[in-house]
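Report on the structure
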Amino acid sequence: MTGFERAKNYLDEQGYGDRVAVFTESTATVALAAEQVGCQEAHIAKSLSFYDEGDRAVIIVTAGDGKIDNRRFKDQFGFKAKMLRGEDVQRLTGYEPGGVCPFDLPDGARVFLDASLDRFETVYPACGDAASAVRLTIPELAALSKAQGTIDVCKAWREEADQ
């Protein structure tokens with residue numbers, strides 16, 4: 001079963017499968033996803049994958065314009081931010097690079113939503129591959145991803161908002 005099929009099946013089971021959009025062009029980057037969805041880049045909910053202190057993934061879902069602040073990350077988790085290497089993404093998240101989403105993850109993977117998402121009513125995370133997205137409100141995203149909470153580890157969106 002592909003990552004898309006797994007994520008779509010999960011969303012179908014939860015009653016949100018009708019919100020999934022499939023594209024003929026890539027959505028592997030924030031810019032490409034925003035172009036396909038027809039929204040601003042900030043409204044793309046990107047799933048950033050990091051190693052935890054063991055051999056599991058920590059997924060932080062941020063707004064498309066969010067960038068991880070290493071100091072905030074270390075203060076939150078107690079260890080340095082280290083993104084998953086390409087060869088570990090599939091094994092630790094269940095999805096290929098470019099299609100990582102916060103749904104139906106392997107046991108031990110933890111999901112957190114970043115406060116950068118709180119500016120929006122609706123966001124668009126990937127749906128398990130590099131040519132899909134799903135429209136969700138923040139509460140829906142939190143519930144469907146089984147997020148362990150909202151954290152504040154991004155810097156870029158805040159800096160741009162202050163200008």
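Details of the structure are given in the entry above.
Bear in mind the structure is a predicted one, so any value in this text is a computation, not a measurement. (Residues numbered from 1 in each chain as written. Predicted model: local features only at pLDDT ≥ 70, side-chain atom pairs only at ≥ 80, totals over all residues. Heavy atoms only, no water.)

With respect to the overall build of the chain
The line we're drawing: Counting from the N terminus, the helices are the DSSP runs of H or I reaching at least four residues and the strands are the DSSP runs of E reaching at least two. We compute the radius of gyration from the C-alpha atoms alone; for a globule the expected value is 2.2 Å times N to the 0.38, where N is the number of residues. For each residue, the accessible area found with a 1.4 Å probe, counting protein chains only, is set against the maximum for its type, and the residue is called buried under 20%, exposed over 50%, and partly exposed in between. Residue contacts are counted whenever heavy atoms from the two residues lie within 4.5 Å of one another. For the purpose of counting charges, residues Lys and Arg are taken to be positive, whereas Asp and Glu are taken to be negative. His and the chain ends are not included. Lysine's charge is taken at NZ, arginine's at CZ, aspartate's at CG and glutamate's at CD.
The helix and strand inventory of the chain stands at six helices and eight strands. Tracing the chain from N to C terminus, the helices and strands come up as α-β-α-β-β-α-α-β-β-β-β-α-β-α. Taken over the C-alpha trace, the chain has a radius of gyration of 15 Å; the compact-globule value for 163 residues is 15 Å, and the two agree within 12%. Principal axes of the C-alpha set define a box for the chain whose edges measure 40 × 40 × 25 Å. Counting the 163 residues in the chain, one finds 51% classified as buried. Restricting to contacts in the chain with at least 6 residues of sequence separation, those with at least 24 account for 64%. Within the chain, one finds 19 positive and 27 negative side-chain charges whose respective centroids are separated by 6 Å.

Re the sheet that holds strand β8 (residues 150-151)
Keep this limit in mind: Two strands qualify as a pair provided DSSP detects at least 2 bridges between them. In this description, a line fitted to the C-alpha atoms serves as the axis of each element, helices being fitted only across the stretch in contact, and the angle between N-to-C directions of two axes falls anywhere from 0 to 180 degrees.
On the basis of which strands lie adjacent, the open sheet formed by six strands has the order β7-β5-β2-β3-β4-β8 and mixed pairing. Every other strand in the sheet has two partners, leaving β7 (136-137) and β8 as the edge strands with one partner each. Where strand β2 (residues 44-51) and strand β5 (residues 122-125) come together, two bridges link them in parallel fashion. Looking at β5, one finds that alanine 45 is bridged to proline 125. Contacting β2, β3 (57-63), β4 (110-114) and β8, helix α3 (residues 70-77) crosses the sheet at an angle of about 130° to β3.

Some remarks on the pairing of β5
As paired strands, β5 and β7 are joined by two bridges and run antiparallel to one another. Considered in β7, the bridge of threonine 122 is made with threonine 137.

Remarks on unusual backbone geometry
Residues other than glycine seldom take positive phi values, yet aspartate 104 does so here, at roughly 50°. Inspection of the secondary structure assignment puts aspartate 104 in the loop between α4 (86-93) and β4. The backbone of lysine 146 sits at a positive phi, close to 55°, despite the residue not being glycine. The residue lysine 146 is located in the loop between α5 (138-145) and β8 in this model.

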